[in-house]
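Below are the chains, spelled out letter by letter.
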Amino acid sequence: MIVLGVDLRSSPSHPSALAVLGEASTLEALDAFSYDDELVELARTRQPALIAIGTPLTLPQGLQCLESRCQCCDAKAPRKRGREAELELARMGISCFFTSKGSIIRGLVYRGVELKKRLVKERHQVIETYPHATKVMLFGDKVPPKNSARSLAYLKERLPALVHGLEPRLATLDKNSCAALLNAYTGLLHCRELTHVLGNPLEGEVVVPRQA
Ligand SMILES: [Zn+2]
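First, a word on what this report is: a plain description of the structure on this page. Everything quoted here is computed from the prediction, not taken from an experiment.

In this section: the nonpolar core. Counting 47 residues, the largest nonpolar core has Val-6, Ala-19, Leu-21, Ala-52, Leu-181 and Ala-184 as the members making the most contacts within it. By residue number, the principal contributor to this core is helix α6 (residues 175-191), which donates nine residues. Non-local contacts of Ala-184, meaning those with residues more than four positions away in its chain, are made with Val-3, Leu-4, Gly-5, Ala-19, Val-20, Leu-21 and Ala-52.

Between helix α5 (residues 149-162) and α6, whose axes approach to 11 Å, the crossing angle comes to 35 degrees. At the point where α5 passes α6, the crossing takes the left-handed sense. Of the residues in α6, those in contact with Ser-151, Leu-152, Leu-155, Leu-159 and Leu-162 of α5 are Lys-175, Cys-178, Leu-181 and Tyr-185. Residues that form the contact of α5 with α6 fall into these classes: seven nonpolar, one polar and one charged.

All right, on to the environment of Thr-99 then. Examined against the element boundaries, Thr-99 turns out to sit in the loop between α2 (84-91) and α3 (106-121). Apart from the residues lying within four places of it in its own chain, the contact partners of Thr-99 are Pro-56, Leu-59, Pro-60, Gly-82, Arg-83, Glu-86 and Val-109.

Reading guide: rules and limits
- Residues numbered from 1 in each chain as written.
- Predicted model: local features only at pLDDT ≥ 70, side-chain atom pairs only at ≥ 80, totals over all residues.
- Core = buried A, V, L, I, M, F, W, Y, C linked by C-beta atoms within 7 Å.
- Buried ≥ 20, exposed ≤ 12 C-beta atoms within 10 Å, placed from the backbone.
- Helix = DSSP H or I, 4+ residues; strand = E, 2+ residues; numbered from the N terminus.
- Contact = placed C-beta atoms within 7 Å.
- Axes fitted to C-alpha atoms, helices over the stretch in contact; angles between N-to-C directions.
- Left-handed = near helix turned anticlockwise from the far one by under 90°.
- Nonpolar A, V, L, I, M, F, W, Y, C, P; charged D, E, K, R; others polar.

As structure tokens, then:
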């Protein structure tokens, strides 16, 4: 049994990071890919139990796009700041991007939405994770801010306790591969029913570890 963790980038010109974990949280591979086709092909070959992607994989209910000038917003749907799962994260004190009209990461969100559709069509189990939330839930709220210089060193200290066989790869880790590892690990916890699912199934859910 394996679980894939993906840190998706907005365009193929920046490689997306991929982590493959075995059942006992052993590192099977730490890799990168550029095109969605590559991930789809890998999933076809390896048939993972679960694919955990750390990117919004759905749009807010009632929206067909995130363009600020488009009026596709369902007039009957209440205007929300973000998706229900993101509002729940905010209530838990976990900072996150709200997926909404005009989002600066809308290119990445569109890629995530399409990738999830493709993988689900091929009958894969796909969950949305959020590596920052995983960190806070597992390590407490004293984790260094997301993109700070300290964050990478902090993760290099803590990830080897979660992922067996990571030590030889520590020097090569960057923030993207760390995020892929956190996503894969969250996927593994989800397989063991050690997670909370935030949001609602119609709009899209975000999976976070139960507090350690
Ligand atoms: Zn629209």
